[in-house]
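Structure at a glance
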Amino acid sequence: MKRTSRDIRTSNRYQVLRQFIAHSPASRQELAAATGLSSATVATLVGELVELGLVTEVGFVDSGGGRPRGLVALNTEGGALVGVDIAETYVHVELFDLGLNVVARSEERVRPGARGPEEVVALVVAGVHAVTAELADGHRVLGVGVSVPGQVDREGGLSVYAPNWDWHDVPLLDALSGQLAHPLYLDNPLHACTAAELWFGAARGRSDAVVVNLGTGVGAGLALGGALHRGVSNSAGEWGHTTLVLDGRRCHCGGRGCVETYVGAPGIMRSLRELHPDSALSRSGDDQTAAIDALARAVADGDPVAVATLGHTARYLGAALANLVNLLNPEVIILSSWVAARLGEPLLDAVREAVARHALRRPLAATEIVLSPIPTDPVCLGAATFALEGALTHVRTPLARSRR
Ligand SMILES: [Zn+2]
């Protein structure tokens, strides 16, 4: 897609604000040096951010003989952001200040067997009310970012397909906007995690990064040229449904041999049952979280079955990641989401070795593979950055749709 001058202005605005979030206060000269933007561009962008109340002038610093330099700082009180992580089993809602620090959080369980959107909408509304109730008078909410699993039509505010609940074209944003007065932004966890890494994690300041989501579902969020790559219909990153094994395991997407069926939590547990049917680890029942936790503990204890299962999983994951290395030549691959967090360093080590067996030498040499450094729920954080990006994008577009 052609980048318009407005896209470039918006992306420059993100860059400057990201810099403030990382290092505040800063002088315009420091910002220009850190972002590579011209002094004139930085001065204009800082002016816009001051006008929006997102940053404030906080004084001067001596510049060693020359004119004193004005210092500008992030105005953490300048607005609040809400991030919502709708998952299959819970709804997390977090309230952030402008430094993207968590100020309040709420967690609601989704009733097992719940299917209808009404129940999920009610949980989101209750969560948003709960966290915003803690805001002092006069503090404004700049927006609410909502992440829902599956395919999402961002512009239309639709959950196009959520496999776990069998939702098709659910008008989620309309249902929420009837009950919430804030600007709302909808996307999926894959894109939210990638935004979180771009703003705060291992993709910050990197040009090309892949954020691999390893959970129940699997995907690869792409940050290309320093920006989230959504694709033409917001579906980019569905790497979990690329074919890894011809005529392999059946997948809920209708395909066979998808990456997800081998390296998602249910796929890992299936490998364990197939390879070691007699192991106690194979009999952990339907609770995926408990099963992966038990596997991680057994790996730490040196249990040979657990170590072999981890190695088996890493072989598949490594081959699939090597395809991304060869295809995209990224600077960094970030392993994110709960399965990666729980299996941690042992998985990382095994995956690095497996990728090295499959990837071409030149792109491999340029690619770092790391675990996500984000300590909190990256989906809430990423969803909140969608609200922040919305506030920054609409600076000069008064006709942008506003929801009451
Ligand atoms: Zn699939």
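The rules behind these values
- Residues numbered from 1 in each chain as written.
- Predicted model: local features only at pLDDT ≥ 70, side-chain atom pairs only at ≥ 80, totals over all residues.
- Heavy atoms only, no water.
- Helix = DSSP H or I, 4+ residues; strand = E, 2+ residues; numbered from the N terminus.
- Buried < 20%, exposed > 50% of the residue type's maximum accessible area, 1.4 Å probe, protein only.
- Contact = heavy atoms within 4.5 Å.
- Lys, Arg positive; Asp, Glu negative; His and termini not counted.
- Charge placed at Lys NZ, Arg CZ, Asp CG, Glu CD.
- Phe/Tyr/Trp six-rings, centres within 6.5 Å; stacked < 30°, edge-to-face > 60°.
- Donors = N, O, S within 2.8 Å, 3.2 Å for Na, K, Ca; no water.
- Tetrahedral: all angles 85-135°; square planar, octahedral: opposite > 155°, others 65-115°.
- Expected span 1.5 Å × (residues − 1).
- Arc of directions from axis to C-beta.
- Pairing = 2+ DSSP bridges.
- Axes fitted to C-alpha atoms, helices over the stretch in contact; angles between N-to-C directions.
- Salt bridge = Lys/Arg side-chain N within 4 Å of Asp/Glu carboxyl O.
- Polar contact = N/O pair within 3.5 Å; in protein donor to acceptor, adjacent residues only side chain to side chain.

It is worth spelling out the overall build of the protein chain at this point. Check the secondary structure of the protein chain and you find 13 helices and 16 strands. Based on the C-alpha atoms only, the size of the protein chain along its principal axes is roughly 75 × 50 × 40 Å. Scored against the burial criterion, the 404 residues of the protein chain give a buried share of 51%. For the protein chain, long-range pairs separated by at least 24 residues make up 63% of all intrachain contacts whose partners lie at least 6 apart in sequence. If you average the places of the 35 positive and of the 42 negative side-chain charges in the protein chain, the two averages end up 6 Å apart.

Following the criterion strictly, the structure yields four aromatic pairs and no others. Their ring planes at 50° and their centres at 5.8 Å tell us that Tyr14 and Trp199 sit as a pair that is tilted. Here Tyr14, found in helix H1 (residues 5-22), pairs with Trp199, found in helix H6 (residues 189-200); they are 185 residues apart in sequence, far enough to count as distant. Residue class for Trp199 comes out buried when judged on its relative accessible area of 1%. Where Tyr262 meets Tyr316, the ring centres are 4.7 Å apart and the plane angle is 10°; that geometry is what we call stacked. One end of the pair, Tyr262, is in helix H7 (residues 260-263); the other, Tyr316, is in helix H10 (residues 304-328), and 54 residues separate them in sequence. Through a chain of ring-to-ring contacts, the aromatic side chains of Tyr14, Trp199 and Phe200 assemble into a single cluster.

The next thing to look at is the coordination of the zinc ion. Bound to the zinc ion on the protein side are His241 (ND1), Cys251 (SG), Cys253 (SG) and Cys258 (SG), at distances that span 2.0 to 2.3 Å. One way to put it: the four donor atoms around the zinc ion meet at angles of 102 to 124°, and that makes the site tetrahedral. Sequence spacing of the donors to the zinc ion: H-x9-C-x1-C-x4-C. Of this pair, His241 sits in the loop between strand E14 (227-229) and H7 while Cys253 is found in the loop between E14 and H7, placing the two residues twelve residues apart along the sequence.

Turning to the environment of Arg352, a few remarks are in order. Looking at the secondary structure, you find Arg352 in helix H11 (residues 338-358). The class for Arg352 is partly exposed, based on a relative accessible area of 38%. Here the alpha-carbon distance between Arg352 and Ala384, two residues 32 residues apart in the chain, equals 31 Å. Sequence-distant contacts of Arg352, defined by excluding residues within four places in its chain, comprise Ile369 and Val370.

The subject of this paragraph is helix H4 (residues 117-132). The terminal C-alpha atoms of H4 lie 22 Å apart, and with 16 residues this matches the ideal 22 Å at 1.5 Å per residue to within 8%. All of the buried residues in H4 are Val120, Val121, Leu123, Val124, Val125, Gly127, Val128, Val131 and Thr132. Of the surrounding elements, those touching the buried residues of H4 are strand E4 (80-86), strand E5 (90-96), strand E6 (102-109), strand E7 (141-147), strand E10 (167-170) and helix H5 (172-177).

This paragraph deals with helix H2 (residues 28-35). By the burial criterion, the buried members of H2 are Leu31, Ala32 and Thr35. Taken end-on, H2 shows its buried residues confined to a sector of 100°, consistent with a single buried face. At its buried positions, H2 is contacted by H1, strand E1 (26-27) and helix H3 (39-51). A positive phi of about 80° marks Gly36, the residue just after H2.

On to unusual backbone geometry. In most cases, non-glycine residues show a negative phi, while peptide bonds are predominantly trans. Look at the link from Ser24 to Pro25: it is a cis peptide, with omega at 0°. Relative to the elements of secondary structure, Pro25 occurs in the loop between H1 and E1. Phi at Asn234 takes a positive value of approximately 60°, unusual for a residue other than glycine. On the secondary structure map, Asn234 appears in the loop between E14 and H7. Asn234 gets classed as buried once you look at its relative accessible area, which sits at 9%. One non-glycine residue, Ser337, lies in the positive phi region at around 80°. Within the secondary structure, Ser337 sits in the loop between strand E15 (332-336) and H11.

Here we have three strands laid out as an open sheet, ordered E8-E9-E10, and antiparallel in their pairing. The open sheet has two edge strands with one neighbour each: strand E8 (151-153) and E10. Averaged over all adjacent pairs, the angle separating strand axes in this sheet is 15°, with direction ignored. As paired elements, strand E9 (residues 158-162) and E10 share three bridges and run antiparallel to each other. By the bridge assignment for E10, Ser159 is matched with Val170.

All right, on to the side chain of Glu389 then. In this fold, Glu389 is placed in helix H13 (residues 378-393). Here Glu389 is buried and forms no salt bridge, its nearest opposite-charge partner Arg18 lying at an N-O distance of 4.3 Å. A polar side-chain atom of Glu389 sits 2.8 Å from a polar atom in the side chain of Trp199. Discounting chain neighbours no more than four positions away, the residues touching Glu389 are Tyr14, Arg18 and Trp199.

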